[in-house]
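Spelled out, the chains give:
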Amino acid sequence: MLNKSKCGYITAAICSFLLAGCATPTPTYKVQTNLESPITIQYFAYSSDEFFKINRVAADAHTAQNIPTGILWVQNGDEKGVSFLRLDEVKSIDATGNTYTVIISKNSAKFVTRTRVLLVCPPGVAPKVHSDCPQVSELGGTLMDERNGFRARAEQKLSGMSMYSYAGGNKYFRNIYRADEWAAHVDKEEMHAKAVKNSRQEEAVRQSAAAVERAAQLKAESAGRVVRLRGYSAGINVNCSSDRLVPRGTPVSGDVVFNCATIGRVSIQELQSAGWTTAVIARLPSQQFDIIGDSVEMSATKAK
């Protein structure tokens, strides 16, 4: 029979065991904070790249804490050698298959990790382990409209695995810009857009001038043909075939060009201006490549 002291000891041990089995998990706390300085990420979404300016984040912490402004850190090592790198010092974050994540820093250093973790820390705090700072669960900010000078387009949130999307073919953060880098990128794109616009305007002016010059040249060539056609003797008759198909059911206009025996390639208008009479003698249904129309046969006679 157990004495009272032993009985009390066993009872206490049993109670302790039961209490340990019923221990509640460590609570988590939501942390909402603005970034000390915005970071813009370029990532693939469906069929094109999106530019997303991160202004704020939501994170999960195991202790209640307030972080008025924060700095984002990304893990660049695994459990055996974990370390962290400020996100604004990263150039891109790629994926190789579904196993490894490759981080390229702005100084071209390369890090390979199996774990994808973003932490948000107060300024002046550099994390060494996961528990040093809350783990980011959501990115909040603004989509930037690339087609409208990168002006703000809409509020956006990225959460869960969408923060590390593989939709872009193994590259999820294609480019990461600090505030100054983003400003420089926008300036560069604006300069490029202006250069393209100026180039197009210059090309339009050049084409317009070339069209005016070509029109003047064609007019001079036509006038020369009229002078030549006037020189033929009265009564001469030639047969002609249209140079192109005329749409069915439409009249033969004066600008239709004909190939005529002995006098060459001329238009009805040029013949008539030179004193020739013209008469359509046949319209033959024809097809040239995918164009269907009439091949026109014409008779032209130099008037007396």
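Residues numbered from 1 in each chain as written. Predicted model: local features only at pLDDT ≥ 70, side-chain atom pairs only at ≥ 80, totals over all residues. Heavy atoms only, no water.

Colleague: Give me the lowdown on the overall build of the protein chain, citing residues and values where you can.
Modeller: In terms of regular secondary structure, the protein chain is built from 3 helices and 17 strands. Looking at the protein chain as a whole, 32% of its 304 residues qualify as buried. Taking the intrachain contacts of the protein chain between residues at least 6 apart in sequence as the baseline, contacts between residues at least 24 apart amount to 58%. Surface accessibility of the protein chain: about 18500 Å² in total, with carbon and sulfur atoms responsible for 55%. (Helix = DSSP H or I, 4+ residues; strand = E, 2+ residues; numbered from the N terminus. Buried < 20%, exposed > 50% of the residue type's maximum accessible area, 1.4 Å probe, protein only. Contact = heavy atoms within 4.5 Å. Areas by Shrake-Rupley, 256 points an atom, 1.4 Å probe, with all protein chains shown as cover.)

Colleague: Hey, could you go over the pairing of strand β3 (residues 69–75) for me, with residue numbers and the actual values?
Modeller: Most of β3 is tucked away, with 6 of its 7 residues classed as buried. As defined by bridge partners, β3 adjoins strand β8 (residues 118–121) across 4 bridges and the pair is classed as antiparallel. The residue of β8 that forms the bridge with Trp73 is Leu119. Direction of pairing for β3 relative to strand β4 (residues 84–86): antiparallel, over a ladder of 3 bridges. Each bridged residue has a counterpart across the sheet, and for Val74 the counterpart in β4 is Leu85. (Pairing = 2+ DSSP bridges.)

Colleague: How would you explain the nonpolar core if you had to name every residue and give the values?
Modeller: Generally speaking, nonpolar side chains in soluble globular proteins are found buried as a group. Counting residues in hydrophobic clusters, the biggest one holds 29 residues, and the most contacted among them are Ile41, Leu72, Leu87, Ile93 and Leu139. Of all the secondary structure elements, the ones that give two or more residues to this core are β1 (29–45), β2 (48–61), β3, β5 (90–96), β8, β9 (135–145) and β11 (171–173). Sorting elements by how many residues they give to this core places β1 first, with 6 residues. Counting 17 residues, the second largest nonpolar core, distinct from the first, contains Val226, Val256, Cys260 and Met298. (Core = buried A, V, L, I, M, F, W, Y, C linked by side-chain atoms within 4.5 Å.)

Colleague: So what about the sheet that holds strand β15 (residues 264–267)? Which residues, and what values?
Modeller: Pairing within the open sheet is antiparallel, and its 5 strands lie in the order β15-β14-β13-β17-β16. The sheet is open, and its two borders are formed by β15 and β16 (276–288), each paired with just one other strand. Ignoring strand direction, the axes of neighbouring strands in this sheet form an average angle of 30 degrees. The strands touched by helix α2 (residues 179–230) within the sheet are β15, β16 and β17 (291–302), with β15 carrying the most contacts at an inclination of about 110 degrees. (Axes fitted to C-alpha atoms, helices over the stretch in contact; angles between N-to-C directions.)

Colleague: Can you break down the confidence of the model for the protein chain residue by residue, with the values?
Modeller: Parts of the model with low pLDDT should not have their predicted coordinates read in detail. Averaged over every residue, the pLDDT of the protein chain is 83; residues scoring 70 or more account for 85%. Overall, residues 1–23 carries pLDDT values under 50, and its contacts beyond four positions in sequence, including any with other chains, amount to 1 contact. Contacts of residues 165–171 to residues separated by more than four positions or lying in other chains number 17 contacts, the stretch itself having pLDDT below 50. (pLDDT = per-residue confidence, 0-100.)

Colleague: Got a sec to walk through unusual backbone geometry? Specific residues and values, please.
Modeller: Not every positive phi belongs to a glycine, and Ser108 is a case in point at roughly 75 degrees. In this fold, Ser108 is placed in the loop between β6 (100–105) and β7 (110–113). Overall, the relative accessible area of 61% leaves Ser108 in the exposed class. One non-glycine residue with positive phi stands out, namely Thr262, at about 70 degrees. Its location among the elements puts Thr262 in the loop between β14 (257–260) and β15. Among the residues examined, Thr262 registers a relative accessible area of 67% and is labelled exposed.

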